[in-house]
Amino acid sequence: MPSVEELYRNYGILADATEQVGQHKDAYQVILDGVKGGTKEKRLAAQFIPKFFKHFPELADSAINAQLDLCEDEDVSIRRQAIKELPQFATGENLPRVADILTQLLQTDDSAEFNLVNNALLSIFKMDAKGTLGGLFSQILQGEDIVRERAIKFLSTKLKTLPDEVLTKEVEELILTESKKVLEDVTGEEFVLFMKILSGLKSLQTVSGRQQLVELVAEQADLEQTFNPSDPDCVDRLLQCTRQAVPLFSKNVHSTRFVTYFCEQVLPNLSSLTTPVEGLDIQLEVLKLLAEMSSFCGDMEKLETNLRKLFDKLLEYMPLPPEEAENGENAGNEEPKLQFSYVECLLYSFHQLGRKLPDFLTAKLNAEKLKDFKIRLQYFARGLQVYIRQLRLALQGKTGEALKTEENKIKVVALKITNNINVLIKDLFHIPPSYKSTVTLSWKPVQKVEIGQKRANEDTTSGSPPKKSPAGPKRDARQIYNPPSGKYSSNLGNFNYEQRGAFRGSRGGRGWGARGNRSRGRLY
């Protein structure tokens, strides 16, 4: 093992050789052997090995392996120095290997080392994006779970920081191709991250690009399979995938396939849905997603059939007044509770799809059915008026900070819900029923349109989903509005729509496919 003096002497030989440095192979070998020495020798080797690496291609493997030994040293300062210098080895055919090594080093728990690895990866990304992606995706597909997780997070957070000259069209195509391979077997959390990665690519900002992403989500959602409402994983998977699809829909990228599936498979099983999430109103979550998608539904093959299923489900939440109920239903002193949140979603969805078949209520229903529906609408409208007056009175004169209290925030949302239902009911009371009014769904934030925003206001329908990240905007804790008890007492339901992170289980478990056993330990 060479001493510190020997290392400096051989460094001097190489430094003084200038153009003939490649002729001093023995001197470079001495420096490589420095990794077997003590702390001082290793620190020098960590600096000297990369400095002359390019001059000795025949010793490339030995040099890289020597540097890797230093990257795994017990001394943290030696590891950090060795990692910092790794990009100097990323030349030619060595670059994918260096990228693979750096990706594996992401598993470190030392924050300073982790930052060095991130910086090194970004550095070689700018040298050769394709080669770096090769190393990253190699580990995502075959590496340890911790490495896979951190490599995916690296892509989801760092790609957007790279300049356009690095993320060329060819590079983005490679990202899409490799991502499709990974998506064959992912957890829910990984799926969300990959949708974040892909939806941020410039080449997928076009209509055809968005359509590609919708197809990817549809494949993950397994829309060809029969829906199983009693399987929490099946339910969770569908909701997770649909949440990723919603921001992609527009007047040019239709939600027809998802809306059809919801109408045919999910609505008939709404009351049977199960979820692993404690306290989640799974039925309301489903209805909210359906409402958001209904604005962008294109031509539907079985429109009348699916509209009837939607209509029938709406009737379940639009009770008859007690005195007009058949067979004593709802008779007595107890009044039926009005589920305003559910009705807003169902009525909005029916209103959106009804535009495509405007004579549904008059030509497709018999006279008795239409009369029954109008009685229900009228009864519900009376209840609405009571609450709208109560809410307006409660909020009257309140501005600024007063409206920011949790109680008043809930009342503001409750007022939006009741006003929306009121507008839609008025439309349906027209003769013939009208579908012209537009409302903004109560849980949707007001969308600010910036100059030059490409996809802003693609559709004038005010129910359009705002452009937002797959992770979803920050939302307040879920709140339930309980109107005062009385003739029309009801629970307005959960107003804040949150997106969940991961599916139940993990890769190799339920619902997301099984990854095979992977080799363990050092792969480089």
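Residues numbered from 1 in each chain as written. Predicted model: local features only at pLDDT ≥ 70, side-chain atom pairs only at ≥ 80, totals over all residues. Heavy atoms only, no water.

Under an unreviewed UniProt entry, the name given to the protein chain is Apoptosis inhibitor 5, and the organism recorded is Canis lupus dingo. In its Subcellular location (unreviewed entry) section, the UniProt entry covering the protein chain states "Nucleus". (UniProt positions renumbered as here; feature names shortened; annotations may be inferred.)

Attention shifts here to the overall build of the protein chain. Helix and strand counts for the protein chain stand at 20 helices and 0 strands. Across the 524 residues in the protein chain, those meeting the buried criterion constitute 53%. Looking at the protein chain alone, contacts between residues at least 24 apart form 73% of all its contacts between residues at least 6 apart. As displayed, the protein chain offers around 24400 Å² of accessible surface, 47% of which is attributable to carbon and sulfur atoms. (Helix = DSSP H or I, 4+ residues; strand = E, 2+ residues; numbered from the N terminus. Buried < 20%, exposed > 50% of the residue type's maximum accessible area, 1.4 Å probe, protein only. Contact = heavy atoms within 4.5 Å. Areas by Shrake-Rupley, 256 points an atom, 1.4 Å probe, with all protein chains shown as cover.)

Per the counting criterion, the structure on display carries 23 salt bridges. We note a salt bridge from Arg 80 to Asp 110, for which the minimum N-O separation is 3.1 Å. With a gap of 30 residues between them, Arg 80 in helix α5 (residues 76–85) and Asp 110 in the loop between α6 (95–104) and α7 (111–127) connect regions that are remote in the sequence. Note on Arg 80: relative accessible area 30%, which makes it partly exposed. In this structure, Lys 181 engages Glu 178 in a salt bridge whose closest nitrogen and oxygen atoms are separated by 3.1 Å. Taken together, the residues span about one helical turn, with Lys 181 and Glu 178 both in helix α10 (residues 169–182) at a distance of 3 residues. The class for Lys 181 is partly exposed, based on a relative accessible area of 41%. Through salt bridges with shared partners, a single network forms among Asp 164, Glu 172 and Lys 202. (Salt bridge = Lys/Arg side-chain N within 4 Å of Asp/Glu carboxyl O.)

Looking at the protein chain, the pLDDT average stands at 84 and 83% of residues meet or exceed 70. Across the protein chain, the secondary-structure element scoring lowest on mean pLDDT is helix α18 (residues 360–364), at 88, and the one scoring highest is helix α14 (residues 256–266), at 97. Note on residues 449–524: pLDDT under 50 across the span, and 221 contacts to partners over four residues away in sequence or across chains. (pLDDT = per-residue confidence, 0-100.)

Glancing now at the environment of Lys 153. Following the sequence through the fold, Lys 153 ends up in helix α9 (residues 145–158). On the accessibility criterion, Lys 153 (33% relative accessible area) is partly exposed. Linking Lys 153 and Phe 194, residues 41 residues apart in sequence, is a C-alpha distance of 9.0 Å. Beyond its immediate stretch of four places on either side in the chain, Lys 153 contacts Glu 189 and Leu 193.

What follows is about helix α15 (residues 282–294). Taking 1.5 Å as the rise per residue, α15 with 13 residues should run 18 Å; its terminal C-alpha atoms sit 18 Å apart, in good agreement. Among the 13 residues in α15, 12 count as buried, and that is most of the element. Restricting attention to buried positions, one finds in α15 the residues Ile 282, Leu 284, Glu 285, Val 286, Leu 287, Lys 288, Leu 289, Leu 290, Ala 291, Glu 292, Met 293 and Ser 294. (Expected span 1.5 Å × (residues − 1).)

This part covers the packing of aromatic side chains. Within this structure, the stated rule accounts for 16 aromatic pairs. Considering the side-chain rings of Phe 249 and Phe 258, the 5.8 Å spacing of their centres and the 65 degrees angle between planes classify their relative orientation as edge-to-face. By relative accessible area, which is 2% here, Phe 249 ends up buried. Classification of Phe 258 as buried rests on a relative accessible area of 2%. Among the aromatic residues, ring-to-ring pairing joins Tyr 8, Tyr 11, Phe 48 and Phe 52 into one connected group. (Phe/Tyr/Trp six-rings, centres within 6.5 Å; stacked < 30°, edge-to-face > 60°.)

Turning our attention to unusual backbone geometry. A cis amide bond links Ile 431 with the next residue in sequence, Pro 432, at an omega value of -5 degrees. As for its position among the elements, Pro 432 is in the segment after α20 (406–429). One non-glycine residue, Asp 222, adopts positive backbone phi at about 60 degrees. Mapped onto the secondary structure, Asp 222 falls in the loop between α12 (207–221) and α13 (232–245).

Here we take up the nonpolar core. Tyr 28, Ile 49, Leu 102, Phe 258 and Leu 361 are the most contacted members of the largest nonpolar core, which totals 151 residues. For this core, the element with the highest residue contribution is helix α17 (residues 340–354), accounting for 9 residues. Core analysis: the next-biggest nonpolar cluster, separate from the first, contains 5 residues, Ile 388, Leu 391, Ala 414 and Leu 415 among them. (Core = buried A, V, L, I, M, F, W, Y, C linked by side-chain atoms within 4.5 Å.)

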